[in-house]
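Here is what each chain is made of, one letter per residue.
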Amino acid sequence: MTTDKPVIKYDRRKATAEVVPREGISIIWFIPFIALIFGGWLGVKALSEQGVFITIEFENGSGIVPKKTEVRYKGLVTGMVSKVVPSDDLQSVIAEVEMSKSFADYLTQDTQFWLVSADISLQGVSGLDTLLSGSYINILPDTDKKAKSQDHFVALNEAPQLDMTTPGLHLTLKSAVLGSISEDSPITFKQIPIGYVTGYHYAEDSQDININIFIEQDYAHLIKENSLFWNTSGVQVTASISAGVKINSGSLGSILGGGIAVDTLSYQEKRPSAKNGQTFPLHADFQSAEMGHEIELTLDWNSGVNHNAAILFQGLTIGAIESFSKIDPKSRKITAKAKVNPRVVPYLTDKSQFYLVTPRVDLTGISDAQTLITGAYISIQPSLEGEQTNQFTVFNTKPPYRYTEPGLHLIIESNDRHSLQVGSNIYFKQLVIGSVQAVDTVDAEQHLIHIHIKEEYQHYITSTSHFYNNSGFKVKANLLGVDVEAQSLQSILTGGISVVNLEKAEVGNKNSDDRTVEKSVVNGDKFSLFANKKLAQQRTRFTLTISAKEKINENTRILHRGEEIGSIHHIEIAGEHSKLYLGLLPEYESILKEGTQFWLAKPSLNLSGTTDTDALLGGAYITFNLNEKSTKPKTDFVLLTVPPAKFSSAAGLQLSLVTGSANVATPGSSISYRGVVVGQVDNITLDKKADKVRVNITIDEEHASLIRQDTRFYNASGLMLSGGLGDFIVKTESIDAILRGGISFYNPDTDNSNQPKAAVKELDSFELFEHFEQAKNAGLAISIHFNDFTGLKETTKVIYQEQEIGAVTRLIFNEDEVGVTALVLLNDKGAKFAKQGTQFWVVQPEIGLVGSKNVASLLEGAFISMLPSNIAKNQQTAFEALALPPTVKQRPYGLNIKLIAKRLGSVRIGNPVLYRQVKVGEVIGIDLSPTADTVDVFINIAGVMLL
């Protein structure tokens, strides 16, 4: 179709227009037509896609918004809320929902709806996605095609429990209490979440709480038929003295909201995987889960065991008492149900023994003190022998080990139980190697002590081993002192037995009770129990015979040079004689030979003094004289009651010491040199002609060369106090010498040591000085006369260049002359100055404004100073003291200079000589000139300053 356009013609004179009509339909009319067709298509499409309308009844409409709240299935939108109206009775709200047509076949009477909103609880956060999109309705469709369709539903208040058709593992746990477990509480395997709690209910018939749980399909294979479930809710705190405080917990979620853990322990046997619907017990904690084997224990009426009392083995908890099933007053027995670790089941035989461990407090100490706080517990001695059983009797005390127990089982015989008790330790060099298992009392003086030595220490026990009691602490006191013996604090409190063995060099002693060789020890062997370590070490045996009239006791000592080397172990009286059985240290076995003489030294005290200080202080003892020529062994001797004469052939150097009193030593007292014992006192006799006492001594042969002609012996007994306020000295040879007496000697230093000395002969005599200082200063006696004796006294020292070379021993006053004569004893160093020309004078301490002198002697008092002669002349022993100190004009060293001054001024002896304010010398003397008109000042310049 064409349209003619109008033609406009212009006339200059007259314009005209011609209208030509258009032909056909305008294109604008196609627009409504197209819209009509599209609208019709949309209507048809809407009708074809229209869903199914249903209604869902909720308790309230919180979170439900029309045209916004969706219905979802596994995250997919399957419907939309179109409107929400209250119910006719106003008790609920009705939500009209348009569901997808594809879900029309699943909307049956078993279809379930519930509202999902954000929920924050102790178990965690659920519905987190609704915080942004808002709440939505979840649907659980019914897949049963035979079910009846339905368009009205009542929504659930919460998500429904999973049914058995849900892929995974569905189990039931039984528990007496629910605790903090709730729905959705996590199930963990080695702290990996593998499932959750789906619900719980109370079963009245069993009075248990059945907890339904779901294990995800990926982890279902981890659950075995013997897997253990336990509650990990909250925090578990266990505390003990030995292990401290332990805090066990699961994840943070299980701490706050409860949780359950599951595991199959490594020691459990392998079982098939669990199946749907299987039931498991839920234990309170891991310890309860681990203790899964039930046993029955029968206890005495007064056992004192409480609920949850632990069952321990070697300090490890292997079980606990769960309940008391029977209390019988007639039989006075209590039956308890306990659970133990399944790992110990193989050891639960009729040979196994359970026993009660309780604290025991008595005078010997405290045993099992930890139970004072933790309470009594039960221990076990397991055994693989016998038949399996689950019923046991609990002993009140620990039963002894059976001989089948690894280690060494011995019996120790004793006539006194002391404080030994079951559980007391056995020590070897303070190492615990075993324990006392039982004590059988045969009669009042016979006890059988059953002991067990641990397997790793049984090689310490041989046939030569000696056992001795070290229970508590032993105090032995006499005038010699107090002897306290204790093995350890534990043995003081609980008692104990120690073992001492022969040294290798001592094995094979002929006189030893242990025979010549060591024998192997087997279970059941018997040993004797010695009262103490000393008796146990005295292995060499011999006997002495003495009249029964002589009173002598067990434990009487055998002394050699003041040292105890043995003692009496046992005494038997037969008629008029007493048989003494003695023990001797093995190293002294050589004295047991023919010719050896033993005698009893007894204390005696009278007005003239003591005859034996050692016996007085420590009680009677036995000593001996040795016959060096004899070599024939002997073990049976007669005990003498008086000291015998010493053999003339006895070894060593025999000397005689002359003294005025017999109280310096006793027979057997030691002779020492610089603290080393080199001899002993043999006997003491009275020399009536000389009115002196002779102390006869023997110096050991190997030390005889120490004795010289100038050797000085002195009394080393007791204490020597000397000095004054400025120099107070306490000297003694030894504590032993203080108490029992002793003699020592001093060899002076001599300048002629290279010259031959006269040899000391057998039985030579020496003077015995009263003390060391007297012996040391016994060099040369001289006399000095003083006109002015101010400050002089006995013990005043003689000093030369600040060294003590002697002392005043006596002051003699003579009526015929002025002053006093001092008897001075110069020591070995000062004796060489006793020559003609030597000058002595008294020095007094001075304090003044112009200077002080001899300040050091303020405390001690005056002393005698000396200026030796420069010319070697004959020895002189009598001297006249100077009234004033002599003038020192020169010294044998340095530069000596004499200065002349009109007057002395403030110059004093000892003043320094300065050069450029540096000391180069000192004033050594001051004197008037011969004409007395000037003063001579003598100075000495140090030799090094002359360079």
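These figures come from a predicted structure and were not determined experimentally.

Colleague: Quick question: what am I supposed to make of the overall build of the chain here?
Modeller: Helix and strand content of the chain: 10 helices and 65 strands. Evaluated residue by residue, the chain yields a buried proportion of 39% over its 947 residues. Here the contacts in the chain between residues at least 6 apart in sequence split such that 67% fall between residues at least 24 apart. Carbon and sulfur atoms form 54% of the exposed surface of the chain, whose accessible area is close to 55300 Å².

Colleague: Help me understand the pairing of strand β59 (residues 839–843) in this model?
Modeller: Looking along a regular strand, one sees the side chains alternate between the two faces of the sheet. The buried fraction of β59 is high, at four of five residues. By the bridge criterion, five bridges tie β59 to strand β60 (residues 863–867) in an arrangement that is antiparallel. Bridge pairing links V843 to F863 in β60.

Colleague: I would appreciate a short explanation of a nonpolar patch on the surface in the present structure.
Modeller: On the surface, a cluster of nonpolar side chains totalling about 570 Å² of accessible area is made up of I27, F30, F33, I34 and I37. Note on placement: F30 falls in helix α1 (residues 30–49).

Colleague: How do you make sense of the environment of S227 when you look at a structure like this?
Modeller: With respect to the helices, strands and loops of the structure, S227 is situated in the loop between β13 (208–215) and β14 (228–231). Residues S227 and R271 lie 44 residues apart in sequence; the distance between their C-alpha atoms is 8.8 Å. Beyond its immediate stretch of four places on either side in the chain, S227 contacts L222, V262, D263, T264 and F280. One polar contact links the side chain of S227 to the main-chain amide nitrogen of K224, over a distance of 2.7 Å. A polar atom in the side chain of S227 sits 2.7 Å from the side chain of T264.

Colleague: Whenever I open this one, the packing of aromatic side chains confuses me. Can you help?
Modeller: For any pair of aromatic rings, the description consists of the separation of the ring centres together with the inter-plane angle of the planes. If you walk through the whole model with that rule in mind, you get 22 aromatic pairs. A centroid spacing of 5.1 Å and a plane angle of 55° characterise the contact between F229 and F280, whose relative ring orientation is tilted. Taken together, the residues span a long stretch of sequence, with F229 in strand β14 and F280 in strand β18 (residues 279–283) at a distance of 51 residues. Per residue, the accessibility class of F229 equals that of F280, and both read buried. Aromatic rings pair up to connect F542, F598, F624 and F637 into one cluster.

Colleague: Can you help me understand the nonpolar core in this one?
Modeller: Among soluble globular proteins, nonpolar side chains are generally buried collectively. Counting 24 residues, the largest nonpolar core has I782, I784, F786, V824, F840 and I864 as its most contacted members. For this core, the secondary structure elements donating two or more residues are β55 (780–786), β56 (797–800), β57 (803–813), β58 (820–826), β59 and β60. In contact with F840, not counting residues within four places along its chain, are I782, I784, V798, I864, S865, M866, F879, A881 and L882. L173, F189, I194 and F229 belong to the second-largest nonpolar core, a separate cluster that totals 21 residues.

Colleague: Can you walk me through a negative patch on the surface in this structure?
Modeller: A cluster of acidic side chains, namely E815, D816, E817 and E880, defines a negative patch on the protein surface. Inspection of the secondary structure puts D816 in the loop between β57 and β58.

Colleague: I tried to follow unusual backbone geometry on my own but got confused; where do I start?
Modeller: Trans is the common state for peptide bonds, and a negative phi is the common state for residues other than glycine. Even without being a glycine, Q207 presents a positive backbone phi close to 55°. Mapping Q207 onto the fold places it in the loop between β12 (192–203) and β13. When its relative accessible area of 58% is taken as the criterion, Q207 is described as exposed. With a phi angle near 65°, Q430 is a residue other than glycine that sits in the positive phi range. Summarising the element assignment, Q430 is placed in the loop between β29 (425–428) and β30 (431–443).

Colleague: I tried to follow the side chain of H447 on my own but got confused; where do I start?
Modeller: Mapping H447 onto the fold places it in strand β31 (residues 446–453). Note on H447: relative accessible area 8%, which makes it buried. Here T441 takes part through its side chain, which lies 3.2 Å from a polar atom of the side chain of H447. Contacts of H447, omitting those with residues within four sequence positions, involve I412, E413, S414, N415, D416, R417, D440 and T441.

Colleague: For this particular structure, what's the right way to read a positive patch on the surface?
Modeller: Among the surface-exposed residues, K776, K829, K832 and K835 lie close enough to one another that they form a single positively charged patch. The topology assignment puts K835 in the loop between β58 and β59. Given the relative accessible area of 31%, K835 is considered partly exposed.

Colleague: I tried to follow the sheet that holds β18 on my own but got confused; where do I start?
Modeller: Note: strands within a sheet are paired through backbone hydrogen bonds, in either parallel or antiparallel orientation. In space, the seven strands of this closed barrel follow the order β10-β13-β12-β11-β17-β14-β18, with mixed pairing throughout. For this sheet, the mean angle separating the axes of adjacent strands, direction not counted, is 35°. Note: β14 against strand β17 (residues 260–263), four bridges, orientation antiparallel. When the sheet's bridge partners are listed, W230 is paired in β17 with A261.

Colleague: Would you take a moment to explain the side chain of D700 for this structure?
Modeller: With respect to the element layout, D700 can be found in the loop between β49 (692–699) and β50 (712–715). Under the relative-accessibility criterion, D700 is labelled buried at 12%. D700 has contacts with R561, G652, V677, V678 and G679, leaving out every residue within four places of it along the chain.

Colleague: Quick question: what am I supposed to make of the pattern of salt bridges here?
Modeller: Pairs can form between side chains of opposite charge whenever their charged atoms are close. All chains considered together, the criterion is met by 14 salt bridges. Note that E96 and K83 form a salt bridge whose closest N and O atoms lie 3.8 Å from each other. In this pair, E96 sits in strand β4 (residues 93–99) while K83 sits in strand β3 (residues 76–86), placing the two residues 13 residues apart along the sequence. On the basis of relative accessible area, K83 is assigned to the partly exposed category, the value being 42%.

Colleague: For this particular structure, what's the right way to read the confidence of the model for the chain?
Modeller: Low-pLDDT portions of the prediction should not be read for the details of their coordinates. Looking at the chain, the pLDDT average stands at 79 and 78% of residues meet or exceed 70. Across residues 240–244, confidence stays below pLDDT 50; counting only partners more than four residues off in sequence or on other chains, it has three contacts. Across residues 606–611, where pLDDT falls below 50, the model places eight contacts with residues more than four positions away in sequence or in other chains.

Colleague: What is the right way to look at the sheet that holds strand β45 (residues 636–640) in this model?
Modeller: Read around the barrel, seven strands follow the order β37-β40-β39-β38-β44-β41-β45 and close on themselves; strand pairing throughout is mixed. Across the sheet, the mean angle separating the axes of adjacent strands is 35° when strand polarity is ignored.

Colleague: How should the environment of P912 be read in this particular structure?
Modeller: Within the secondary structure, P912 sits in strand β63 (residues 912–915). Exposure remark for P912: the relative accessible area of 46% places this residue in the partly exposed category. C-alpha of P912 to C-alpha of N940: the two residues are 28 residues apart in sequence and 9.7 Å apart in space. The residues contacting P912, other than those within four sequence positions of it, are K919, G921 and E922.

Colleague: Sorry, what's going on with the environment of V116 here?
Modeller: When you line up the elements, V116 lands in strand β5 (residues 112–116). With relative accessibility at 13%, the residue V116 sits in the buried group. For the pair V116 and Y136, spaced 20 residues apart in sequence, the C-alpha to C-alpha distance is 5.5 Å.

Colleague: Quick question: what am I supposed to make of the pairing of strand β53 (residues 743–746) here?
Modeller: What you see with β53 is no split at all: I743 and F745 on one side and S744 and Y746 on the other are buried throughout. The sheet contact formed by strand β47 (residues 670–673) and β53 spans two bridges and is parallel. In the strand pairing of β53, S672 is matched with S744. Bridge analysis of β50 against β53 gives four bridges, and the strand direction is antiparallel. Bridging from a neighbouring strand, F713 pairs with F745 of β53.

Conventions used here
- Residues numbered from 1 in each chain as written.
- Predicted model: local features only at pLDDT ≥ 70, side-chain atom pairs only at ≥ 80, totals over all residues.
- Heavy atoms only, no water.
- Helix = DSSP H or I, 4+ residues; strand = E, 2+ residues; numbered from the N terminus.
- Buried < 20%, exposed > 50% of the residue type's maximum accessible area, 1.4 Å probe, protein only.
- Contact = heavy atoms within 4.5 Å.
- Areas by Shrake-Rupley, 256 points an atom, 1.4 Å probe, with all protein chains shown as cover.
- Pairing = 2+ DSSP bridges.
- Patch = residues over 30% accessible without salt bridge, like charges linked within 9 Å, V, L, I, M, F, W, Y side chains within 5 Å.
- Salt bridge = Lys/Arg side-chain N within 4 Å of Asp/Glu carboxyl O.
- Polar contact = N/O pair within 3.5 Å; in protein donor to acceptor, adjacent residues only side chain to side chain.
- Phe/Tyr/Trp six-rings, centres within 6.5 Å; stacked < 30°, edge-to-face > 60°.
- Core = buried A, V, L, I, M, F, W, Y, C linked by side-chain atoms within 4.5 Å.
- Lys, Arg positive; Asp, Glu negative; His and termini not counted.
- Charge placed at Lys NZ, Arg CZ, Asp CG, Glu CD.
- Axes fitted to C-alpha atoms, helices over the stretch in contact; angles between N-to-C directions.
- pLDDT = per-residue confidence, 0-100.

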